[in-house]
Amino acid sequence: MSHLAFAQINSSYFPFKDTYSVRGLLSDVAVLNLNKDNLPDALVCDFNNNNITPFYNIGGCPNSLSQGISITTDNGPVTIETADFNQDGRQDFVVLNSLSHTLCVYKNHISPEDVVTILPFGTYMLTDSCNALLANDVDGDGKPDLLITHGSSGLVYVLKNTSTTQTIQFDQPALLFTTGLNLKGLCTADFNGDGKSDLVLAGELNGGHLFLCQNQSSPGNLSFLTPIDHAIDISPTVIKSGDIDADGKMDLVVGGLQNGSLLMLHNECSGGPLSLHSFASPLYFQTLGGIIDIELTDLNDDHQLDVVALHPSKDSLTVWTNTGHPGIWNENIFLSAEKLWSGEGPLALCIKDLNGDGRKDILHTNQEFRNLVVQYKKNTVRGSTTMTFPASAANYYSRYNPGDFVLTGIGSGILTWYADSSLHQLMGAGNQFHTPWLERTDTFYVTNSESCNESDPIAVIAAIRCSIMPPKPLSAYRCGAGSLTLAAISNEQICWYKKL
C-alpha cells in the first residue's frame, strides 16, 4: 500500500480519558509496578504538600487507577526516578526535593501476602538547589547510578549505586563537572557505539549549549572525558535521546520553553571519540508554544519514534508523527504537529502501556485543576462488531478511472479507518473517511470502539474499474433493398446486437 498517504496521529487515537483529582501542584509523574499483579501503577509528586501519591492499577478502561495513601517526602519534590536499584526484581524510586536540597530513596517491599509497603531508605544531602535527576548504569556494573544537575550553579553530581539485595544505598554525591551553565536537563545514551552510556547536558549561558560528555568508566570506576561544548540557537528546557531515523544511532531532541522551539540533531558519529562533528546541524520545527516536557515513543505501532511535547502556555499537548523513512534526515522526517487535546497548564508527561493491551497510553499532570489525566489508546478486542453500512454502498465502492472515495459506515461508537488488517496504519476516524487518490483497487479496514475496546476490522473495498470508450461507428448506406456491411473503430473487441 505504498501509494497510500501516511497516517497522522491525532486525537482519535486516544478517545477515552480518566481524570484524578489531587489537591497539590503535581510536578512529575512516573509509572512502575508496585505490586505483583504485573499491572503498571503511577506515582505523582505533589510539590506544594511535600508528598508522593501512588495510584494503584485495578484494571479496566477507563477508571483503571485507584488512589492510595500519600507518602511524605522532603520539601519541594520535583522529580521521580524509578529503577530496580537493589536488583531484587521490584521497582524502587527516588525523589529529588528542590527546596530542602535532598534526595530521598524509597524501597518497594512486598510481603508474602502481597501487601505493598513503601519503605523510606535514606536521605542524601545535596549542596544546592537541584532540578534534574536521571538513573543510569554509568560504570557498567549492572546497578543504576544517579546523575543530578544543580541548575543555576552548573554542577553535575553522580551517586554511585552500592546496593545489595537487602538494602538500597549510594555513595555520597561526587562532583563530575562544573559547566558554568544554567543547567536545564540531561540525557544518556551510547552515542558512539562503544557500549557505554554517554551523557549530554543542556543549559544556557548567553545562548543555548549542549555539553557532550563521553563515558570512559569501567565497573567501580566513574570517569568521563572533558565535555565538548556544542552551541545551539535556543534556550533549552528539556533534552531526550532516541533513534529518530532508525539508522541504529541515537539522535538528540531538544525543546525550549521561552522561544517555543523544537530542534533535532542527527547522530553522525561512526565510532571513536565524540566531537563537534558527531552531530549534524540541527533541524528546527515549528511548535504551538514553549515546551516543558518531551517524550519519544512509538504511538502508532509502526516501529518509528514519534515526538510528544507539552506546551503549558498553550494548555496543550502535541505530537509529531514520524514518517518512517529510515536514513532520511530532513524537514520531511515528521508530519506537521498535531494538537491532541487541551489541558489546563500541563506540567509533566509520561507515556506507558497502562492497561496492559500492548499500546501506549498518555499520562500528564495539570497545574490549574490539580489533577492527573490519563488518555487511553484503544484496545483491540476480537469478537462481534456493531457496525452497519448504507444499503446503497455496503462495504464495496467502485468508480471508473483513478480517483478518491468517500467511505461511509454507521457504528455504535467511534469508527476508525485503517490501511491494513493488522490495524497498524491509521487513516482516519468518524462515520465518513475520505480516501487518498487511488490508481488501482484497494482495501481499507474499519473498526468500532466503545469503552476502550475496539472490534474486529471489517474490510471495505474501493474498486477502480477500467473505463472503456464506446466504439466509433463508420457510415454505411445503399440504394434500395439489400444487405450492408457495418463497421466501427475501437481499441477493444466489438460486439454487434440487434435491437428488439
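What you see is a predicted model, and the numbers here were worked out from it, not measured in a lab.

A. Structural context of the sheet that holds strand 10 (residues 116-125). On the basis of which strands lie adjacent, the open sheet formed by four strands has the order 7-8-9-10 and antiparallel pairing. Each end of this open sheet is capped by a strand with a single partner; those strands are strand 7 (77-83) and strand 10. Neighbouring strand axes in the sheet, compared pairwise and without regard to direction, differ in orientation by 20° on average. Here strand 9 (residues 102-110) pairs with strand 10 via eight bridges, running antiparallel. In the strand pairing of strand 10, Leu103 is matched with Tyr124.

B. A look at the side chain of Asn51. Tracing the backbone through its elements, the reader meets Asn51 in strand 4 (residues 51-57). The buried category is assigned to Asn51, whose relative accessible area is 10%. Here Asn51 is in contact with Val44, Cys45, Asp46, Ser70, Ile71, Thr72, Thr73 and Pro77, once residues within four sequence places are set aside.

C. Looking closely at unusual backbone geometry. Backbone geometry at Asn38 places phi at a positive 60°, although glycine is not the residue there. Tracing the sequence through the fold places Asn38 in the loop between strand 2 (26-32) and strand 3 (41-46). Assessed through its relative accessible area of 68%, Asn38 is described here as exposed.

D. Spotlight on the pattern of salt bridges. Evaluated as defined, the whole model comprises seven salt bridges. In this structure, Asp88 engages Arg90 in a salt bridge whose closest nitrogen and oxygen atoms are separated by 3.2 Å. The exposure class of Asp88 is partly exposed, given its relative accessible area of 22%. The partner of Glu204 in a salt bridge is Lys184, and the shortest N-O contact between them spans 4.0 Å. With a gap of 20 residues between them, Glu204 in strand 16 (residues 198-204) and Lys184 in strand 15 (residues 182-189) connect regions that are remote in the sequence.

What counts, and where the lines are drawn
Residues numbered from 1 in each chain as written. Predicted model: local features only at pLDDT ≥ 70, side-chain atom pairs only at ≥ 80, totals over all residues. Heavy atoms only, no water. Pairing = 2+ DSSP bridges. Helix = DSSP H or I, 4+ residues; strand = E, 2+ residues; numbered from the N terminus. Axes fitted to C-alpha atoms, helices over the stretch in contact; angles between N-to-C directions. Buried < 20%, exposed > 50% of the residue type's maximum accessible area, 1.4 Å probe, protein only. Contact = heavy atoms within 4.5 Å. Salt bridge = Lys/Arg side-chain N within 4 Å of Asp/Glu carboxyl O.

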